[in-house]
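Fold and contact review
This is what each chain is made of:
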Amino acid sequence: MNIGVPRALIVGMGALFSAYHLVLAAYSLLGNYAESVAPIVLAMVAYAIATVASLVPLGSRRMPLWLAIVNVVVVIALPLLVTSQLDPDRESGNGYATWYIAAVGTLMTITSTRRRHLWAWIGVSFLVVQTVIWSGFGALAGLGVIGSVVWVAVSHILSVAIWKATLDARRFASAEREAAEWHAAQEAHLYERQFRLEQTSMMALPMLEQIVRRGGALTPAERQECLHLEGAIRDEIRGRKLLNDSVREQVMAARRRGATVTLLDEGGIDDLSESELDVVLDQLADALRDTTAERVIARTVPEGSDVAVTVVGLSGGGGASVASALGQEPDEDDEVALWLEIPRTPAP
């Protein structure tokens with residue numbers, strides 16, 4: 001976020017002021033104030049070139065260092081060229097022949113506006129010193145030198161204020177984005193927590209009511225069903241997107257026939273569309289239905305792989321390394337009864 005005056009407006013105003021000074025310079029040539037016209041014309045050309053180079057809206061808003069140095073050189077040359085042809089003690093004054101003072105103020109104001117404040121102050125400081133040497137302290141007010149210094153001072157103050165405001169606005173915008181992200185995350189956590197609580201309540205409520213009715217006196221089959229229910233609740237927390245109605249049904253069926261089923265969703269399928277996710281979960285449900293493995297582990301694969309879910313089924317005899325790779329405690333007698341890699345997108 002940038003706060004500031006539109007560049008086109010600044011360029012337009014700078015061009016108008018600069019052109020006005022050149023008009024005054026040309027007009028002063030008709031008054032025979034200068035002993036020789038050549039130095040005045042040279043000063044006008046140098047000022048025009050430096051102004052155009054400073055106003056051209058190319059590149060960064062900050063003036064290149066080399067251009068700021070060139071502007072200071074021009075500012076030093078202007079008073080020397082013009083005053084060398086003028087008489088500071090002229091009774092009627094020099095009229096518009098002192099156009100260079102306002103021109104220096106304008107060029108240094110442009111330099112300051114483009115955030116080269118030190119060089120702008122060097123330029124107007126030379127103007128002050130040169131004017132005092134050429135015509136005395138009284139000329140500072142009479143010729144408008146003080147006005148040129150004030151222009152640079154105002155430009156410096158406004159430029160710094162606008163730059164600080166821009167930095168503050170960027171910080172506020174960043175803080176606002178972070179606050180919005182935090183708020184969205186909190187809402188997501190709240191929604192997820194409420195959803196899981198409602199789902200757990202629906203799943204556990206019938207069994208809890210039955211336990212209350214019987215005073216905790218459950219049959220072995222009912223106790224086993226409670227363990228299955230506890231596993232289903234754990235699946236809702238750890239399995240997340242690995243679950244749909246078909247997968248839930250097949251997981252419960254596998255547990256009821258004595259298998260141990262572990263579902264681990266670690267975020268690898270969060271980017272799948274609903275249709276792609278349905279295809280993956282249907283394949284997972286088919287694998288759970290068809291396997292006779294004693295232990296089944298289904299885990300998502302991190303993004304960047306062509307595989308969405310890896311399903312491993314273990315039975316007695318030699319698959320310890322596979323179980324370890326999946327974060328499970330291996331059994332020395334385990335062997336692989338099922339190995340399935342479900343792709344992220346269905347085969348054409």
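One can find the structure itself at the top, above this paragraph.
So, about the overall build of the protein. When its secondary structure is counted, the protein shows eleven helices and four strands. Counting over 348 residues, the protein shows a buried share of 38%.

Where helix H2 (residues 38–55) contacts helix H3 (residues 65–83), the axes come no closer than 9 Å and their chain directions differ by 160°. The orientation of H2 relative to H3 falls into the category roughly antiparallel. Read as a crossing pair, H2 and H3 show a hand that is left-handed. For the pair formed by H2 and H3, the contact residues are Pro39, Ile40, Leu42, Ala43, Ala46, Tyr47, Ala50, Ala53 and Ser54 on the first element and Leu67, Asn71, Val74, Leu78, Leu81 and Val82 on the second. Here the contact of H2 with H3 is composed, by residue class, of 13 nonpolar, two polar and no charged.

In this section: the packing of aromatic side chains. For any pair of aromatic rings, the description consists of the separation of the ring centres together with the inter-plane angle of the planes. For the coordinates displayed, the defined rule picks out two aromatic pairs. Taking the centre distance of 5.8 Å and the plane angle of 65° together, the rings of Tyr27 and Tyr96 count as edge-to-face. Of this pair, Tyr27 sits in helix H1 (residues 7–28) while Tyr96 is found in the loop between H3 and helix H4 (99–113), placing the two residues 69 residues apart along the sequence. Since its relative accessible area comes to 52%, Tyr27 is described here as exposed. On the basis of relative accessible area, Tyr96 is assigned to the partly exposed category, the value being 45%. We note Arg115 situated over the ring of Trp163; from NZ or CZ to the ring centre the distance is 4.1 Å.

Its 19 residues give H3 an end-to-end C-alpha distance of 28 Å, which sits within 8% of 27 Å, the value for a rise of 1.5 Å per residue. Regarding H3, the residues found buried are Leu67, Ala68, Asn71, Val72, Val74, Val75, Leu78, Pro79, Val82 and Thr83. Buried-residue contacts for H3 involve H2, H4 and helix H5 (117–135).

Okay, helix H8 (residues 220–238) next. Here H8 is 19 residues long and its end C-alpha atoms lie 27 Å apart, about the 27 Å a rise of 1.5 Å per residue gives. Every buried residue belonging to H8 is among Glu222, His228, Leu229, Gly231, Ala232, Ile233, Asp235 and Glu236, and all of these are buried. Downstream of H8 by a residue or two, Arg240 has a phi angle that is positive, lying close to 40°.

Leu78, Val82, Trp99, Tyr100, Leu107 and Met108 are the most contacted members of the largest nonpolar core, which has 28 residues in total. Only H1, H2, H3, H4, H5 and helix H7 (145–214) provide two or more residues apiece to this core. With seven residues, H4 is the single largest residue contributor to this core. Filtering out sequence-adjacent residues up to four positions away, Val82 remains in contact with Ile40, Ala43, Ala97, Trp99 and Tyr100. The next biggest cluster of nonpolar side chains, apart from the first, holds 24 residues, and it includes Ala285, Ala293, Ala308 and Val309.

Below, the discussion takes up a nonpolar patch on the surface. Side chains of Ile146, Val150, Trp151, Val154 and Leu158 sit close together on the surface and give an oily, nonpolar patch of about 440 Å² of accessible area. For Val154, the position within the fold is in helix H7.

Counted by the stated rule, this structure contains ten salt bridges. Where Glu236 meets Arg248, a salt bridge forms, and the shortest distance between an N and an O atom there is 2.6 Å. Note that Glu236 is positioned in helix H8 and Arg248 in helix H9 (residues 245–256), a separation of twelve residues in sequence. Note on Arg248: relative accessible area 28%, which makes it partly exposed. Note that Arg344 is salt-bridged to Asp271, the shortest N-O span being 2.5 Å. One end of the pair, Arg344, is in the segment after strand S4 (334–343); the other, Asp271, is in the loop between strand S1 (260–264) and helix H10 (274–290), and 73 residues separate them in sequence.

Now for the pairing of S1. Every other side chain in a regular strand lies on the same face of the sheet, so the side chains alternate between the two faces. Across the five residues of S1, four count as buried, placing the element largely inside the fold. Looking at chain direction, S1 and strand S2 (residues 295–300) are connected through five bridges and run parallel. Bridging from a neighbouring strand, Val261 pairs with Val296 of S2.

Conventions and cut-offs
- Residues numbered from 1 in each chain as written.
- Predicted model: local features only at pLDDT ≥ 70, side-chain atom pairs only at ≥ 80, totals over all residues.
- Heavy atoms only, no water.
- Helix = DSSP H or I, 4+ residues; strand = E, 2+ residues; numbered from the N terminus.
- Buried < 20%, exposed > 50% of the residue type's maximum accessible area, 1.4 Å probe, protein only.
- Axes fitted to C-alpha atoms, helices over the stretch in contact; angles between N-to-C directions.
- Parallel < 35°, antiparallel > 145°, perpendicular 65-115°, else oblique.
- Left-handed = near helix turned anticlockwise from the far one by under 90°.
- Contact = heavy atoms within 4.5 Å.
- Nonpolar A, V, L, I, M, F, W, Y, C, P; charged D, E, K, R; others polar.
- Phe/Tyr/Trp six-rings, centres within 6.5 Å; stacked < 30°, edge-to-face > 60°.
- Lys NZ or Arg CZ within 6 Å of the ring centre and 35° of its normal.
- Expected span 1.5 Å × (residues − 1).
- Core = buried A, V, L, I, M, F, W, Y, C linked by side-chain atoms within 4.5 Å.
- Patch = residues over 30% accessible without salt bridge, like charges linked within 9 Å, V, L, I, M, F, W, Y side chains within 5 Å.
- Areas by Shrake-Rupley, 256 points an atom, 1.4 Å probe, with all protein chains shown as cover.
- Salt bridge = Lys/Arg side-chain N within 4 Å of Asp/Glu carboxyl O.
- Pairing = 2+ DSSP bridges.

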